[in-house]
Amino acid sequence: MQRLFYTVVLVIVAYVSVPLGLGPVQAATLPTGFTETIITGIASPTALEIAPDGRIFVCEQGGRLRVIKNGALLSTPFLTLNVDSSGERGLLGIAFDPQFGVLNSFVYVYYTVPSTPRHNRVSRFTANGDVAVAGSETVILELDNLTSATNHNGGAIHFGPDGKLYVAVGENATTANSQTLSNRLGKMLRINSDGSIPNDNPFFNTATGANRSIWALGLRNPFTFAFQPGTGRMFINDVGAATWEEINDGIAGSNYGWPDSEGPTSNPAFRSPLFAYQHGGTATTGCAIAGGAFYNPLNVQFPSTFIGKYFFADLCSRWIRTFDPATGTAASFASGIVQPVDLKVGADGSLYYLSINFGDGFVSRVRFNGPTAPAPVIMTEPNTDSAVALESVWLMRDPFPLTMPFNLTADGRTRLSLFVMNLDLQAGENASSVTARLEDATLKTYPLTVEFVGKVPGFDWLSQVIVRLPNDTPAAQTLSVSVTLRGQTSNKARIRMQ
């Protein structure tokens, strides 16, 4: 495949009503219990990012950066850049400074400079509400000059958990670029927020000049990538040529093999992809991987089986799938999506996908609205809020000691058995799916380690939950205990400590 943005002919078979835009768009086929809300009116979008305050910023290939606020597309763009938008060039990436809304109002973008010599650039702008401050552009990074080829620009930019700005750059359809340290094309770059180069970059002492910003090489067209919240793990989506699309493990100093290798490889010189799928037009094949997002939001809205999964999309085959890093396998999620190019998971737990839709682009917000199980209930003594709780080995009632020197575990920690209704684990869930905590009189909380969850024999409606008390559990007072499953928290039940 020579271009990421391209035109195909298809028959529109299903429509949904939308609040904005030129007309109806094709509805996605989503799993049972999921629905979507669509906002249209975006011209040839290429990338989206969600601001810390919840606003959605969308790059249009032609140079406008649009803002969706409170569910509506604002008529005034955040900024309008003069760009070269031929082929796959244009306004291609956006990132917010890690201190956005706290210490600064910096917004970073990746775009193609229209003047000669043509090249891609990363600039920083200062926000003033929903628009950029006039004249606030600060050029952070000037990339290598481009040839007449207008494809393979990459363009995704994101700040990593280390506070550094990572920049994905395509090889400009010149395959030799990917395997050399003498230019930055076909690479993942790592720079400081002011454009300077960290001296701990993997090639800092072997490359020279601006090329010391190279963090990984051997990429073809890394159009999208993502960091996993919590772990900081990076996945790089590399758009393939004739055979394979790749999800790569983003690790400093890696060589992903292009053009000497595409898809799975046993060559020890190259890092083989975590997952690759072949070209084709089926529910598991495609032509261009476009969009990636981990499901680890602050507020889990999807069923808990999605936690930790990686969503990815294909431009041509019109689907979104999930990749499970724990098993290395992928599963279907949605289909019938016209030209998806980017994915994001919001802090609210929604999945957002971006569609070019033949130039009349839109953003879709996918939510889970299926039947919700009732919240867990910790059993309490009749007519009280005192938990029915036992020391898990010796079966003593409260008040509980803070240590149990003979508790058969050698660590001396006290473990409690709680009895909870409405705590039904689904397929793929285990004790790690349940969280528990204590709360003292000052409302300070203490996380508990959940070691076991299982049904009480003969009572299928009741679950036993064994928790281990932390070392800093306060003594000689009454505490409240609660458990949480799939975002639903139980009642608070009292226990007493010696």
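Read on for an overview of the structure. (Residues numbered from 1 in each chain as written. Predicted model: local features only at pLDDT ≥ 70, side-chain atom pairs only at ≥ 80, totals over all residues. Heavy atoms only, no water.)

**Thoughts on the nonpolar core**
- Core analysis: the biggest nonpolar cluster contains 29 residues, and Val-58, Ile-68, Ile-247, Tyr-310, Phe-312 and Val-363 have the highest contact counts within it.
- Among the secondary structure elements, those contributing two or more residues to this core are strand 3 (34-43), strand 4 (45-50), strand 5 (56-60), strand 21 (275-278), strand 22 (289-294), strand 23 (310-314), strand 24 (319-324) and strand 27 (351-355).
- In contact with Ile-68, not counting residues within four places along its chain, are Ile-39, Ile-42, Arg-55, Ile-56, Val-58, Leu-73 and Val-363.
- Core analysis: the next-biggest nonpolar cluster, separate from the first, contains 26 residues, Ala-389, Val-465, Val-483 and Leu-485 among them. (Core = buried A, V, L, I, M, F, W, Y, C linked by side-chain atoms within 4.5 Å. Buried < 20%, exposed > 50% of the residue type's maximum accessible area, 1.4 Å probe, protein only. Helix = DSSP H or I, 4+ residues; strand = E, 2+ residues; numbered from the N terminus. Contact = heavy atoms within 4.5 Å.)

**Considerations on the sheet that holds strand 17 (residues 214-217)**
- A sheet is described by the order of its strands in space; here 4 strands give the open sequence 14-15-16-17, paired in antiparallel fashion. Edge positions in the sheet fall to strand 14 (154-159) and strand 17, since each has one partner strand and no second. Neighbouring strand axes in the sheet, compared pairwise and without regard to direction, differ in orientation by 15° on average.
- With 4 bridges joining them, strand 14 and strand 15 (residues 165-169) adopt antiparallel strand pairing. (Pairing = 2+ DSSP bridges. Axes fitted to C-alpha atoms, helices over the stretch in contact; angles between N-to-C directions.)

**Some thoughts on the packing of aromatic side chains**
- Across all of its chains, the model carries 30 aromatic pairs by this definition.
- On the numbers, 6.0 Å between centres and 80° between planes, the contact of Phe-225 with Phe-227 is edge-to-face. In this pair, the class of Phe-225 matches that of Phe-227, namely buried.
- By way of ring pairs, the aromatic residues Phe-235, Phe-275, Tyr-277, Phe-294, Tyr-310, Phe-312, Trp-319 and Phe-323 are connected into one cluster.
- Positioned above the aromatic ring of Phe-106 is the side chain of Arg-124, whose terminal nitrogen or guanidinium carbon lies 4.2 Å from the ring centre.
- Sitting over the face of the ring of Trp-258, Arg-220 holds its NZ or CZ atom 5.4 Å from the ring centroid. (Phe/Tyr/Trp six-rings, centres within 6.5 Å; stacked < 30°, edge-to-face > 60°. Lys NZ or Arg CZ within 6 Å of the ring centre and 35° of its normal.)

**As for the state of the cysteines**
- In total, this model carries 1 disulfide according to the counting rule given.
- Each sulfur in the disulfide pair Cys-287 and Cys-316 lies 1.4 Å from the other. Within this pair, whereas Cys-287 is found in the loop between strand 21 and strand 22, its partner Cys-316 is found in the loop between strand 23 and strand 24, the two being separated by 29 residues in sequence.
- Accessibility expressed as a relative area gives 13% for Cys-287, which makes it buried.
- Residue classification places Cys-316 among the partly exposed positions, given a relative accessible area of 22%. (Disulfide = S-S within 2.5 Å.)

**Some details on the layout of surface pockets**
- Its boundaries defined by the atoms lining it, the largest pocket holds a volume of some 1,100 Å³.
- In terms of lining, the largest pocket is formed by 42 residues, of which the most central are Glu-49, Ile-50, Phe-227, Pro-229 and Val-345.
- Of all the elements in the fold, those that place two or more residues in the lining of the largest pocket are strand 4, strand 9 (91-96), strand 14, strand 18 (224-227), strand 22 and strand 26 (340-345).
- The space that makes up the second largest pocket amounts to roughly 410 Å³.
- Lining of the second largest pocket is provided by 16 residues; of these, Ser-304, Thr-305, Ile-307, Ser-432 and Ser-433 occupy positions nearest its centre. (1 Å grid on protein atoms, 1.4 Å probe; cavity = no way out; pocket = protein on both sides within 12 Å on 5 of 7 lines; lining within 4 Å. Points joined across faces, edges and corners; volume = space filled by probe spheres on them.)

**Let's talk about the environment of Thr-174**
- Of note, Thr-174 is situated in the loop between strand 15 and strand 16 (187-191).
- For the pair formed by Thr-174 and Pro-259, sequence separation is 85 residues and the distance between their alpha carbons is 9.5 Å.

**With respect to empty space enclosed by the protein**
- For the structure shown, the criterion picks out 1 cavity of 30 Å³ or more.
- Put simply, the largest cavity is a space of about 60 Å³.
- Residue composition of the lining of the largest cavity, grouped by class: 5 nonpolar, 3 polar and 4 charged. (Nonpolar A, V, L, I, M, F, W, Y, C, P; charged D, E, K, R; others polar.)

**Re the pattern of salt bridges**
- Taken as a whole and judged by the stated rule, the model has 22 salt bridges.
- Taking the shortest distance from any N to any O, the salt bridge between Asp-130 and Arg-55 comes out at 2.6 Å. Residue Asp-130 is located in the loop between strand 11 (119-128) and strand 12 (131-132), and its partner Arg-55 is located in the loop between strand 4 and strand 5; the two are separated by 75 residues in the primary sequence.
- With a shortest N-O distance of 2.7 Å, Arg-365 and Asp-348 are connected by a salt bridge. A residue pair is termed long-range when its members are at least 10 positions apart, and Arg-365 in strand 28 (residues 360-368) and Asp-348 in the loop between strand 26 and strand 27 qualify at 17 residues.
- Members of the salt-bridge network, linked through shared partners, are Asp-53, Arg-55, Lys-69 and Asp-130. (Salt bridge = Lys/Arg side-chain N within 4 Å of Asp/Glu carboxyl O.)

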